[in-house]
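Take a look at the letters that make up each chain.
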Amino acid sequence: MECAYCFWSGETRHVRYFPLERVLAEIDKVYSNPQVTHVIFADSDVLMNRERTNTLIDKIKTYGSRISTFFEVDAIRITESNRDIVEKISSLDRSMIKFAIQSANPETLRIMKRPFAFEKYAEKAALVRSWIPDVAICVEIIASLPGDTLSTFIDTIDASLSLEPAHIHTNYPLYLLPGTDYFINKSALGITHTGDPNYTIIETATFPKKDIITALHLAFFTEILTFYHPILAKTLYRICRKDQTERRVDRLARWMTAIENCLGLLTYIEDVVVKITENVDSLNEIKGDFLHAACSPNQSAQMYQAILDLEGLSEEALDEFSDGIKVYKQISNRPPVKGKSPYENLEDLFLIEVEANSGQIGLQTARKFVPRFVFDGRV
């Protein structure tokens, strides 16, 4: 089974660095493990020590491209003087630059004591794209933050979509850490939580449970339509650049409604807040089931068809969607194999080379439509 490894190299303010030799030895151990396919460096900012980060990346590159590596970069440190190290991070296969935006609401940011607003992230994203046009940006936001409402959360998703990221990930649930401002001022902030031992936020005065459920529904679909089905993201961004008569998030919400009317993916998670705040393992189960369904071939074909019926697509996008529907239908017609991803062994279904205008789908085209979801163990 594929797995992810969360890695901390000691690259954090006010914390003594781990000896470099120890970190390099850990990299050897982790990147040599055949079961590890994703590595997340949990340092708050890898730009704090350029020389150390350069050494780490050079070491990682010796292991090739089998494992994707994820670094967090503090956007405030993205400057011309750090261009070379940002480019080096982006050169890693399937790597992403993470922007921890959390919220675009000024009041929420004031309560969080964040040093700068969303506009600064937009400025930094534009700077990175001037260096690396195809850079993969991951945006992280949080649901149920004190000061946020359902409306401001939706605004945050819309602002995040304006960056055209490769991934918008919503962090939930949110925990109160003893000693923090949130914990000390929980009553004044209108926070209801589960109490000891996890202090999980159930709701706030401005963000009640019923609104959090709506927010999570939108968050799940935002992730599906930006990360797990990247061609849908590309289409969404292209349409929104040309047609600015509605907000990006409103168009995405229309897509969600059309898909939901066909598939009913969200009908079983109405009590999601109760389940997740009582037991965080429930999040993995609920979200895993949702992603499994939304990435399965038959459902993927219906998602593409729902959007196709909704939008007047250009000829190029129309052809691409038509190809996608054909690919998913052809895959779904193959009998499933227990424990195997439906997207394995596509060479058995699609020719490596096809003649032009033959109407057949080639293997390279088919692989473009494979979702970024690991089916191992869930098929």
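Only a predicted model underlies this, so the values are computations on that prediction, with no experimental measurement involved.

Quick look at the side chain of Thr 53 now. Relative to the assigned elements, Thr 53 resides in helix H2 (residues 50-61). Not counting chain neighbours up to four residues away, the residues in contact with Thr 53 comprise Val 46 and Ile 85.

The next point concerns the confidence of the model for the protein chain. With 93% of its residues at a pLDDT of 70 or more, the protein chain has an overall mean of 88. When mean pLDDT is taken per element in the protein chain, helix H6 (residues 150-161) scores highest with 98 and strand S1 (residues 3-7) scores lowest with 51. Note that residues 8-16 has pLDDT below 50 and, in this model, 30 contacts with residues that lie over four places away or in other chains.

Glancing now at the packing of aromatic side chains. Taken as a whole and assessed by the stated rule, the structure comprises 16 aromatic pairs. Connected via pairs of aromatic rings, a cluster forms that spans Phe 227, Tyr 228, Tyr 304, Phe 321, Tyr 328, Tyr 343, Phe 369, Phe 373 and Phe 375. Seen from the ring of Phe 183, Lys 186 lies directly overhead, with NZ or CZ sitting 3.8 Å from the centre.

When you tally the buried positions in strand S5 (residues 137-142), you get 6 out of 6 residues, the bulk of the element. Across the two faces of S5 the burial is the same, with Ile 137, Val 139 and Ile 141 and Cys 138, Glu 140 and Ile 142 all buried. Summarising the sheet, strand S4 (residues 96-102) and S5 pair through 5 bridges and their orientation is parallel. By the bridge assignment for S5, Phe 99 is matched with Val 139. Examined bridge by bridge, S5 and strand S6 (residues 167-171) share 5 bridges and lie parallel to one another. Across the sheet, Ile 141 pairs through a bridge with Thr 170, a residue of S6. Handedness of the S5-H6-S6 crossover: right-handed.

What follows concerns the layout of surface pockets. Roughly 310 Å³ of volume is contained in the second largest pocket. Lining the second largest pocket we find 19 residues, and of these Pro 335, Pro 336, Val 337, Ser 341 and Pro 342 sit closest to its centre. Of all the elements in the fold, those that place two or more residues in the lining of the second largest pocket are helix H13 (297-310) and helix H14 (315-332). Per-element tally for the lining of the second largest pocket: the top contributor is H13, with 3 residues. Each residue belonging to the lining of the second largest pocket can be placed in one class, and the counts come to 8 nonpolar, 7 polar and 4 charged.

Take unusual backbone geometry next. The residue after Tyr 172, namely Pro 173, is reached through a cis peptide bond having omega 5 degrees. Relative to the assigned elements, Pro 173 resides in the loop between S6 and helix H7 (181-184). Look at the link from Asp 196 to Pro 197: it is a cis peptide, with omega at 10 degrees. Among the structural elements, Pro 197 can be located in the loop between strand S7 (192-193) and strand S8 (201-203). Not every positive phi belongs to a glycine, and Gln 102 is a case in point at roughly 70 degrees. One can find Gln 102 in strand S4. Its relative accessible area of 12% is what places Gln 102 among the buried residues. Here Glu 164, not a glycine, exhibits a phi torsion of approximately 50 degrees, which is positive. Judged by its relative accessible area of 22%, Glu 164 is partly exposed.

Okay, a nonpolar patch on the surface next. There is a patch of nonpolar side chains on the surface, built from Tyr 175, Leu 177 and Val 280 and spanning about 260 Å² of accessible area. Note that Val 280 resides in the loop between helix H11 (272-278) and helix H12 (281-295).

Further remarks concern the pattern of salt bridges. In this structure the tally under the stated criterion is 21 salt bridges. Residue Asp 28 is joined to Lys 59 by a salt bridge in which the shortest nitrogen-to-oxygen separation is 3.1 Å. Here Asp 28 is found in helix H1 (residues 20-31), whereas its partner Lys 59 is found in helix H2, with 31 residues between them in sequence. What makes Asp 28 partly exposed here is its relative accessible area of 27%. Arg 251 serves as the salt-bridge partner of Glu 246, at 3.4 Å between the closest nitrogen and oxygen. Residue Glu 246 is classed as partly exposed on the basis of its relative accessible area, which comes to 23%. By relative accessible area, Arg 251 is classed as buried at 4%.

Topologically, Leu 252 is positioned in helix H10 (residues 248-263). Overall, Leu 252 belongs to the buried group, its relative accessible area being 0%. Not counting chain neighbours up to four residues away, the residues in contact with Leu 252 comprise Leu 161, Leu 218, Thr 222, Leu 225 and Leu 236.

What counts and how
Residues numbered from 1 in each chain as written. Predicted model: local features only at pLDDT ≥ 70, side-chain atom pairs only at ≥ 80, totals over all residues. Heavy atoms only, no water. Helix = DSSP H or I, 4+ residues; strand = E, 2+ residues; numbered from the N terminus. Contact = heavy atoms within 4.5 Å. pLDDT = per-residue confidence, 0-100. Phe/Tyr/Trp six-rings, centres within 6.5 Å; stacked < 30°, edge-to-face > 60°. Lys NZ or Arg CZ within 6 Å of the ring centre and 35° of its normal. Buried < 20%, exposed > 50% of the residue type's maximum accessible area, 1.4 Å probe, protein only. Pairing = 2+ DSSP bridges. Right-handed = clockwise from strand over helix to strand, strands pointing away. 1 Å grid on protein atoms, 1.4 Å probe; cavity = no way out; pocket = protein on both sides within 12 Å on 5 of 7 lines; lining within 4 Å. Points joined across faces, edges and corners; volume = space filled by probe spheres on them. Nonpolar A, V, L, I, M, F, W, Y, C, P; charged D, E, K, R; others polar. Patch = residues over 30% accessible without salt bridge, like charges linked within 9 Å, V, L, I, M, F, W, Y side chains within 5 Å. Areas by Shrake-Rupley, 256 points an atom, 1.4 Å probe, with all protein chains shown as cover. Salt bridge = Lys/Arg side-chain N within 4 Å of Asp/Glu carboxyl O.

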